[in-house]
Amino acid sequence: MKPLRIALTKGRLEKSTIELFEKIGYNCDEVHNKGRKLILPIGNNDFEVVLAKAADVITYVESGVCDLGVVGKDTILENGTSFYELLDLGFGKCKFALACKKDYDFYHGYGTKTIATKYPNVTRNFFENKNMDVRVIKIEGSVELAPLVGLADGIVDIVETGSTLKANNLEVIEDVTNISARLIANIASLKLRKKEIEELERKLEAAIE
Amino acid sequence: MKRNLKITPEGTKDYLFKECTAVNYVCRKIQTVFENHQFHQVFTPTFEYFDLFANDASGITAESMFKTTDNKGRIIVARPDSTLPIARMVSTRLQNEILPVRLFYKQNVFRNNPSLTGRSNEIMQMGVELIGSKGKRADLEVITTAIQSMQAISNDFRIEIGHSMLFNALADSLKASDDVKENIRVYIENKNYSALNNVLDNLQQDETVKAIRKLPSLFGSDEVFEKASQIIKCEEALKALEYLKDLYNELESLTLGEKIIVDLGLVQRNDYYSGIIFTGYVQGYGDAILSGGRYDKIFDIFDCSMGASGFAININHIAEQAKDKEKTNIPDVLVFAKNDCDIMKAISYTNELVNKGIKAQFSDLSDESDAREFAQKLGIAEFDVIGE
């Protein structure tokens, strides 16, 4: 049987996921000494790990070249379409929030507001649910700059501690949604390899609690 | 102006040689199954009026259709699906036909998918429609046809079956707004347990909420029915469950073991399906390649009440897998006419060889050394020259 292939989001989520895998008894030495290898066997070769950028994890899982993936809810909300979201892994916790300059009355007046963000889909959905028309501008770098230089009235961004906001005289006016790492599965894989995936899911779930 | 002369639009592609043989091979296999079950082929137009698909029951969003207008300014679409056109056809052209009718189709459907996802916007589909009958006999006939089609094209496949009334009945007895119910449906469809639990936590905790919480995890073999019957109290839903169990037990006689799965979390296009739902998967492809079920409601659009069930198979994806097994078609003999006066003789000679079952090809090059080089490059073993 082919090993189950799991795509992990490089960086912090990768580290926490590997810790979790080790907690349930899978040997992850190959990942620790990965060098330049991109596909790494773990456990008793029952699984192999692929490291990828967050949005690519979704692409790999959706297309079925990877059976499972670990990715942040932020990426799922922004890019996700069709896969199964099986488990909240409990780490990588933060939130999406709407922020603007301190003492700025965001909801005042009838003018259409401008929002700068790295997450245009999340932003659009958030304001659509409020039946509010906004102009969304996509920014690639430090979004906090946009309201300071007058490009936008507010920003929608990931907030962890809020210290960057504070340092720039910005404040959260509303939480959009909470974020954490999720285990996702390809739709066909879950049907074709149900037993293996469910077993892993059960083990992980037990290890989280 | 930049002109797009040398590329095809996103989501479309050319099919060459082996790719075509693979498509034809897969189609032939499936067509044999359809014809053995006495389904008869129909074609419907590539274009239909937008109105045909512009209702909730179609389960197709307006933005996923390719639209243009006819010469009176009415919106027409490249058909995104073959079932509604066939229902239109049956309710008008076949109204006096003896029912039930068994129809099958082999035609392309068009979907305007989001860009850069690698999905095909033009998909060849083969499917059947069994129209004018309801109940267990019709359902089993359609599912069996689906299973046999899958068997004809793949050794490693799964068919999962569910029932749309299971969720619909539970949702009806749920004390929540329609928007919340739709969210719940989407979370069940995506097996998004955490989001589902979050929404359900905000509702009054009753038997229905308890049952819905478990719905996405209720898939597998017959143990599912026992688990489900313990947590589902809603009478309508229990009736659907009972019916599904009956079908599943009947299908056991095909001895396909774990190739047939029950999934009570099958809730897709729930405004469209009104009874059983089933989906097919093959090893090596990440999405469903077959989907179908019972959709009696679609005939309400045409003001006639009729049972309707069927399924569609996406051919391109299976053909993709089959193409490596296909041999490239290289002729055995290349026939060359030495002079212009020998051309007809050479063509007749080629035909003679072909009629004998030899793969012969007439060379349309006029220079002998060019023709020899062509044969050599392609690996054609024999080179026959006609004329002095």
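Reading guide: rules and limits
Residue numbering note: each chain is counted from 1, following its sequence as written. Each chain gets a letter, beginning with A, and each ligand a number, beginning with 1, in the order they are written. Side-chain atom pairs in this predicted model are given and counted only at pLDDT of 80 or more, local residue features only at pLDDT of at least 70, and totals for whole chains, interfaces and linings cover all residues. Numbering of helices and strands runs from the N terminus; a helix is a DSSP stretch of H or I covering at least four residues, while a strand is a stretch of E covering at least two. Neighbour density around each residue's C-beta defines its exposure: 20 or more other C-beta atoms within 10 Å make it buried, 12 or fewer make it exposed, and counts between make it partly exposed, where C-beta atoms are placed from the backbone. Convention adopted: a line fitted to C-alpha atoms gives each axis, helices being fitted over their contacting stretch, and angles between N-to-C directions are expressed from 0 to 180 degrees. If an angle is under 35 degrees, it is roughly parallel; if it is over 145, roughly antiparallel; if it lies from 65 to 115, roughly perpendicular; otherwise it is oblique. For any pair of crossing helices, the crossing counts as left-handed if the nearer helix is rotated counterclockwise from the farther one by less than a right angle, and right-handed if it is rotated clockwise. Two residues qualify as a contact pair if the distance between their C-beta atoms, derived from the backbone, is within 7 Å. Those domain boundaries reflect an automatic or database domain assignment. Strand pairing is defined by DSSP finding a minimum of two bridges between the two strands. Buried Ala, Val, Leu, Ile, Met, Phe, Trp, Tyr and Cys residues form a nonpolar core when they are connected through C-beta atoms within 7 Å. Any residue that is not Ala, Val, Leu, Ile, Met, Phe, Trp, Tyr, Cys, Pro, Asp, Glu, Lys or Arg is counted as polar, Gly included; the first ten are nonpolar and the last four charged. Residue-level confidence of the predictor is summarised by pLDDT, bounded by 0 at the bottom and 100 at the top. Starting at the helix axis, one direction is taken to each C-beta atom, and the arc is that of these directions.

### As for the overall build of chain A
For step 1, the next point in the chain: Along its length, chain A carries 9 helices and 11 strands.
For step 2, the next point in the chain: Counting all 209 residues of chain A, 39% fall into the buried class.

### Brief notes about the packing of helix H5 (residues 178–189) of chain B against helix H6 (residues 193–201) of chain B
Residue and element names in this part refer to chain B.
For step 1, the next point in the chain: The geometry of H5 relative to H6 is characterised by a closest axis approach of 8 Å and an angle of 155° between their N-to-C directions. Compared by their axis directions, H5 and H6 come out roughly antiparallel. In this structure, H5 crosses over H6, and the sense of that crossing is left-handed. For the pair H5 and H6, the contacting residues are Val180, Asn183, Ile184, Tyr187 and Ile188 in the first and Ala195, Leu196 and Val199 in the second.

### A short note on the domain arrangement of chain B
For step 1, the next point in the chain: Examined at the domain level, chain B breaks down into domain 1 (11–156 + 283–329) and domain 2 (333–386).
For step 2, the next point in the chain: One C-alpha centre belongs to domain 1 of chain B, the other to domain 2 of chain B; they are set 42 Å apart.

### Topic: the sheet that holds strand E14 (residues 360–362) of chain B
Each strand in a sheet pairs with its neighbour through backbone hydrogen bonds, running either in the same direction (parallel) or in the opposite one (antiparallel).
Residue and element names in this part refer to chain B.
For step 1, the next point in the chain: The 3 strands lie next to each other as E14-E13-E15, forming an open sheet whose pairing is parallel. Two strands close off the open sheet at either side, each with one partner strand: E14 and strand E15 (382–386). Averaged over all neighbouring strand pairs, the angle between strand axes comes to 25°, with direction disregarded.
For step 2, the next point in the chain: Pairing geometry for strand E13 (residues 333–337) and E14, over 3 bridges, is parallel. Residue Val333 lies in a different strand from E14, and its bridge partner there is Ala360.

### Comments concerning the pairing of strand E10 (residues 276–282) of chain B
Residues and elements named next belong to chain B.
For step 1, the next point in the chain: Taking burial as the measure, the 7 residues of E10 include 7 buried ones, the bulk of the element.
For step 2, the next point in the chain: The two faces of E10 match: Ile276, Phe278, Gly280 and Val282 on one face and Ile277, Thr279 and Tyr281 on the other face are all buried.
For step 3, the next point in the chain: Where strand E7 (residues 157–163) meets E10, 7 bridges bridge the pair, whose relative direction is antiparallel. The residue bridging Ile159 from the neighbouring strand is Gly280, located in E10.

### A few points about the nonpolar core
For step 1, the next point in the chain: If you look at the biggest cluster of nonpolar residues, it comprises 127 residues, and the most contacted ones within it are Val61(A), Ile184(A), Ala146(B), Leu166(B) and Leu170(B).
For step 2, the next point in the chain: Broken down by element, the residue count for this core peaks at 7 residues, all from helix H3 (residues 135–153) of chain B.
For step 3, the next point in the chain: Residues contacting Ala146(B), with those up to four places away along its chain left out, are Ile159(B), Phe278(B), Gly280(B), Leu290(B), Gly292(B) and Phe311(B).
For step 4, the next point in the chain: Judged by nonpolar contacts, the second largest core, of 17 residues, contains Phe96(A), Tyr119(A), Ala146(A) and Leu170(A).

### Some thoughts on the environment of Glu352(B)
For step 1, the next point in the chain: Within the fold, Glu352(B) resides in helix H11 (residues 343–355).
For step 2, the next point in the chain: When the C-alpha positions of Glu352(B) and Met126(B) are compared, they lie 37 Å apart, and in sequence the two are 226 residues distant.

### What to know about the interface of chain B and chain A
For step 1, the next point in the chain: Contact with chain B, which involves 16 residues of that partner, is made by 14 residues of chain A.
For step 2, the next point in the chain: For the side of chain B that touches chain A, the secondary structure elements donating two or more residues are E7 and H6 of chain B.
For step 3, the next point in the chain: In the side of chain B that touches chain A, the residues fall into 5 nonpolar, 7 polar and 4 charged.

### Considering the confidence of the model for chain A
For step 1, the next point in the chain: Put simply, chain A has an average pLDDT of 91, and 100% of its residues get 70 or more.
For step 2, the next point in the chain: The spread of mean pLDDT over the elements of chain A runs between helix H2 (residues 29–32) of chain A, the lowest at 86, and strand E4 (residues 68–72) of chain A, the highest at 95.

### As for the sheet that holds strand E1 (residues 4–9) of chain A
Residues and elements named next belong to chain A.
For step 1, the next point in the chain: The strand order E2-E3-E1-E4-E11-E5 describes an open sheet built from 6 strands, whose pairing is mixed. Only two strands of the sheet have a single partner each, and these edge strands are strand E2 (39–42) and strand E5 (84–88). The sheet shows a mean angle of 30° between the axes of neighbouring strands, direction not considered.
For step 2, the next point in the chain: Where E4 meets strand E11 (residues 181–185), 5 bridges bridge the pair, whose relative direction is antiparallel. Paired with Gly72 across the strands is Ala181, a residue of E11.

### Overview of helix H5 (residues 120–129) of chain A
All names here are of chain A.
For step 1, the next point in the chain: Regarding H5, the residues found buried are Val122, Thr123 and Phe126. Mapping the buried residues of H5 onto a view down its axis gives an arc of 100°, with all of them on the same face.
For step 2, the next point in the chain: The elements touched by buried residues of H5 are helix H4 (73–79), strand E6 (94–101), strand E7 (113–117), strand E8 (134–138), strand E9 (154–159) and strand E10 (170–179).
For step 3, the next point in the chain: Taken from the residues just after H5, Asn131 is the one with a positive phi, measuring 55°.

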